[in-house]
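Structural description and commentary
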Amino acid sequence: MVKEYSGGSPKHHHLEQKRKRLTWILGVSGLCVLFYVLGAWQNTTSTIGDNSQLSNKAGCEVTIPTATKSQSSTVLPSSTASLDFEAHHQIGINDTSSSQKIPACEMSYSEYTPCQHTPRSRKFERAMLKYRERHCPTKEELLLCLIPPPPKYKNPFKWPQSRDYAWFDNIPHKELSIEKAVQNWVQVEGDRLRFPGGGTMFPRGADAYIDDINELIPLTKGKIRTAIDTGCGVASWGAYLLKRDILTMSFAPRDTHEAQVQFALERGVPAMIGIMATQRLPYPARAFDMAHCSRCLIPWNQYDGMYLIEVDRVLRPGGYWILSGPPIHWKKYWRGWERTQEDLKQEQDSIEDVVKRLCWKKVTEKGDLAIYQKPLNHIECVKNRKIYKTPHICKADAADNAWYTNMEKCITPLPEVSSSDEVAGGAVEKWPERAFALPPRISSGSIPGITAEKFREDNELWKDRVSHYKKIMSPLAQGRYRNIMDMNAYLGGFAAAVMKYPVWVMNVVPSNSNHDTLGVIYERGFIGTYQDWCEAFSTYPRTYDLIHAAGVFSIYQDRCDITYILLEMDRILRPEGSVIFRDTVEVLVKIQSITEGMRWKSQIMDHESGPFNPEKILVAVKTYWTGQA
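Residues numbered from 1 in each chain as written. Predicted model: local features only at pLDDT ≥ 70, side-chain atom pairs only at ≥ 80, totals over all residues. Heavy atoms only, no water.

The protein carries the name Methyltransferase in an unreviewed UniProt entry, which gives Papaver nudicaule as its organism.

Laid out in structure tokens, this is it:
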């Protein structure tokens, strides 16, 4: 029996279906190929255009101000096709309005230092000068305005000319030129300030004074690299040590009128606002190769020698302490110091007693100089505790804790050693090999998670990054910058990578970092400080030419309003100074939206490794403007 097919022959029907299906597949495939070719052609054209623009990235878009405004130009990386992430990354950080235009503060705030503000300081105790320590404004007291430069502000002289000259209009203070006229701290010459290199205890100049020191201890052999100058004046000692490859952290209290630290930074010399009062200096233990006091008016013999104990904490094993001024050479100067011989003799005797209790030895006393040396280790010092009951050796293992930490009247213990001639904590190389030699804190494994391999990788990483910065920011190689701040310095790789340029770097390690690496930075022969970026930095306005901020805002975005961090950056940045941000796209977009209201010009750029890296670079320039007279 044969089966009937109502639709005709089954073979013909199947052939028709196959033919239609094949036609449909071929048609769709053809359309796909056509659109693919069109898309590839358009993409090729766009890529060629982008490459032609990127090939000019090393160039600069230059805006030249008038001669009365500035001596140098505002520089931004050139790219007519700016990277735009706005449409795809609408995120909120701290709920700050992105369109907010921030006004200028009143001219009375031109030299505002938030955490050393004199009216606020007066509310605190005067005992032990506690009122002159850091006392930062509350959230309600924070200023939401831009600190104005003086009406005739000019860009500072380039280094090394800036060591000797500054524009008077930038820091219009004549007090020191009058009060210290005989001592030649600073002189007013027309529209300039001149710094002859004088000082209270070096009337022949800082250079000759340093030569006197060099005759007593070696300053030019690379063994001494980092120094600290307590009560620095205008930092001439640190300024003239630079040509001997010695980098000095100079500090002095916030002046009510003389602006000593501001003078120092205007000269291009490292300095901070600071005071020895009740809290530790914001530096790690075993940081400095040399400490100096030239009539710094610190009562070294009082409070059970607490201030000398603090110097001992920050001084490296084998480091030197240099003292000139009262009471040294008191038999010659006692009349000029308006003190009795008995009083001065008693002061020197008590200082000598504290020195012995700290296990230091007196190297020499010659002329106006007395030089002491800290021991290489504490083997003998531990034995001496049978003779000297005080100060005892501290028990707590917190030698590097120095952010709002009270000073202690006990000796900070040195790492243990196996022999009396071994350097506690490990010896450092001579400069300049020291910069890239493995720091003892890393080789000993005292910083968890940071190995020799990570140290080498970090150095290579920053070498590549700074090479990229040179391409997109030509002023880095042209000497446009002198004072640089790295807000999140980690191991100091950025500072090491810019060594060949005429700059110095203030390496900042955030106080809430997972790893305390500031000691490593000092072991490399660089300087820096601890800082909480939810607060203001201890410096005057307009004291840095370039600020480097790698990952800073990812750290702080959940801790405080980033608008105030950016306002603080604007405060300490000179007009026409630059900022390099490295962070995620989301964070940089928010930063850019805020800085637009701060009169900054900025551009988001690709990571040096290419566009597929989620980290991006935001280069910003603070535009030139001044306050009204």
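This is not the end of the story, as more comes after the structure.
**A few points about the overall build of the protein**
Secondary structure summary: the protein contains 18 helices and 19 strands in total. The buried share of the protein, reckoned over its 629 residues, is 54%. Pairs at least 24 apart in sequence give 70% of the contacts found in the protein among residues at least 6 apart. (Helix = DSSP H or I, 4+ residues; strand = E, 2+ residues; numbered from the N terminus. Buried < 20%, exposed > 50% of the residue type's maximum accessible area, 1.4 Å probe, protein only. Contact = heavy atoms within 4.5 Å.)

**What to know about the packing of helix 17 (residues 562-572) against helix 18 (residues 585-595)**
Axis separation between helix 17 and helix 18 bottoms out at 10 Å; the angle between their running directions is 60°. With respect to helix 18, the element helix 17 is oriented oblique. As helix 17 packs across helix 18, the resulting crossing turns out to be right-handed. Across the interface between the two elements, I562, T563 and L566 from helix 17 touch K590, I591, I594 and T595 from helix 18. (Axes fitted to C-alpha atoms, helices over the stretch in contact; angles between N-to-C directions. Parallel < 35°, antiparallel > 145°, perpendicular 65-115°, else oblique. Left-handed = near helix turned anticlockwise from the far one by under 90°.)

**So, helix 12 (residues 452-472)**
Helix length check: helix 12, at 21 residues, gives a terminal C-alpha distance of 31 Å against a target of 30 Å (1.5 Å per residue), a fit within 8%. For helix 12, the complete set of buried residues consists of F455, D458, N459, W462, R465, V466, H468, Y469 and I472. (Expected span 1.5 Å × (residues − 1).)

**Section: the sheet that holds strand 19 (residues 615-622)**
Strand pairing in a sheet relies on backbone hydrogen bonds. The paired strands run either parallel or antiparallel. Judged by pairing direction, the sheet is mixed, and its seven strands sit side by side in the order 15-14-13-16-17-19-18 without closing on themselves. Both outer strands of the open sheet, strand 15 (527-531) and strand 18 (600-605), are each paired with one neighbouring strand and no more. Across this sheet, the average inter-strand angle for adjacent strands is 20°, counted without regard to direction. As defined by bridge partners, strand 17 (residues 573-584) adjoins strand 19 across seven bridges and the pair is classed as antiparallel. Across the sheet, residue D583 finds its bridge partner in strand 19, namely K616. Of the strands in this sheet, strand 13 (483-486), strand 16 (544-550), strand 17, strand 18 and strand 19 touch helix 17, which is tilted by about 145° from strand 17. (Pairing = 2+ DSSP bridges.)

**Examining the pairing of strand 11 (residues 361-366)**
Across five bridges, the pairing between strand 11 and strand 12 (residues 369-373) is antiparallel. Along strand 12, the bridge assignment pairs K366 with L369. In textbook terms, the turn of a hairpin is the stretch between consecutive antiparallel strands, and for strand 11 and strand 12 this stretch comprises two residues, one of which, G367, has a positive phi near 60°.

**Side note on the pattern of salt bridges**
Within the structure shown, the criterion is met by 35 salt bridges. For R574, the salt bridge identified is with E266, shortest N-O distance 3.2 Å. Taken as a pair, R574 in strand 17 and E266 in helix 6 (residues 260-266) lie far apart in primary sequence, 308 residues in all. Judged by its relative accessible area of 5%, E266 falls in the buried class. Linking K362 and E365 is a salt bridge whose minimum nitrogen-to-oxygen distance equals 2.5 Å. (Salt bridge = Lys/Arg side-chain N within 4 Å of Asp/Glu carboxyl O.)

**Notes on the state of the cysteines**
The final tally for this structure, using the stated rule, is six disulfides. Sulfur-sulfur distance for the disulfide between C115 and C136 comes to 2.0 Å. What sets the handedness of the C115 and C136 disulfide is the S-S torsion sign, and at about 110° it is right-handed. Here C115 is found in the loop between strand 2 (74-77) and helix 2 (118-121), whereas its partner C136 is found in the loop between helix 2 and strand 3 (165-167), with 21 residues between them in sequence. This pair shows no difference in class: C115 is buried, exactly as C136 is. (Disulfide = S-S within 2.5 Å.)

**Topic: the sheet that holds strand 3**
The sheet built from three strands is open, its strands ordered 3-5-4 with antiparallel pairing. Strands at the two margins of the open sheet, each flanked by one partner only, are strand 3 and strand 4 (187-189). Ignoring which end each strand starts from, the neighbouring axes of this sheet average 30° apart. Sheet topology places strand 3 next to strand 5 (residues 192-194); three bridges connect them, and they run antiparallel. Residue A166 lies in a different strand from strand 5, and its bridge partner there is L193.

**Focus on the packing of aromatic side chains**
Taken as a whole, this structure holds 19 aromatic pairs when the rule is applied. Aromatic ring contacts, followed pair by pair, group W300, W321, W360 and Y372 into a single cluster. Across from the ring centre of Y131, 4.4 Å away, lies the NZ or CZ of R126, which sits over that ring. Seen from the ring of W625, R599 lies directly overhead, with NZ or CZ sitting 4.1 Å from the centre. (Phe/Tyr/Trp six-rings, centres within 6.5 Å; stacked < 30°, edge-to-face > 60°. Lys NZ or Arg CZ within 6 Å of the ring centre and 35° of its normal.)

**Here's the deal with the confidence of the model for the protein**
Mean pLDDT over the protein: 87, with 83% of residues reaching 70 or higher. Segment residues 42-75 is flagged for pLDDT under 50; beyond a separation of four residues in sequence, or across chains, it makes 48 contacts in the model. Counting interchain partners and residues more than four positions distant, the pLDDT-below-50 stretch residues 77-98 has 41 contacts. (pLDDT = per-residue confidence, 0-100.)

**Quick look at the side chain of R267**
Tracing the backbone shows R267 in the loop between helix 6 and strand 8 (271-273). At 4.7 Å, D164 is the nearest oppositely charged side chain to R267, a buried residue that forms no salt bridge. A polar atom in the side chain of R267 sits 3.0 Å from the backbone oxygen of V234. Here S236 takes part through its side chain, which lies 3.0 Å from a polar atom of the side chain of R267. When sequence neighbours within four positions are dropped, the list of residues in contact with R267 reads W159, S162, R163, F195, V234, A235, S236, A239 and Y240. (Lys, Arg positive; Asp, Glu negative; His and termini not counted. Polar contact = N/O pair within 3.5 Å; in protein donor to acceptor, adjacent residues only side chain to side chain.)

**Thoughts on the pairing of strand 12**
Within strand 12, five of the five residues are buried, which leaves the element mostly enclosed by the surrounding structure. The side-chain alternation of strand 12 yields two buried faces, one formed by L369, I371 and Q373 and the other by A370 and Y372. In this structure, strand 10 (residues 315-324) lies alongside strand 12, joined through five bridges in antiparallel fashion. In the strand pairing of strand 12, I322 is matched with I371.

**Some details on the nonpolar core**
Membership of the largest hydrophobic core comes to 139 residues, with the highest contact counts inside it found for M290, W300, W321, F553, M569 and F581. Apart from the residues lying within four places of it in its own chain, the contact partners of W321 are A291, H292, C293, W300, L308, V311, L315, I351, W360, A370, I371 and Y372. I171, L193, F195 and F263 belong to the second largest nonpolar core, which has nine residues in total. (Core = buried A, V, L, I, M, F, W, Y, C linked by side-chain atoms within 4.5 Å.)

**What about helix 17?**
Most of helix 17 sits inside the fold, with 10 of its 11 residues counted as buried. Of the positions making up helix 17, those classed as buried are I562, T563, I565, L566, L567, E568, M569, D570, R571 and I572. Between the side-chain oxygen at the start of helix 17 and the backbone nitrogen of T563 there is a gap of 2.9 Å, and the oxygen is on D561.

**Some words on unusual backbone geometry**
Cis geometry marks the peptide bond from W159 to P160; its omega dihedral reads 10°. Relative to the elements of secondary structure, P160 occurs in the loop between helix 2 and strand 3. Positive phi, normally seen in glycine, also occurs at R286, with a value near 55°. As for its position among the elements, R286 is in the loop between strand 8 and strand 9 (288-294). The class of R286 is buried, set by a relative accessible area of 12%.

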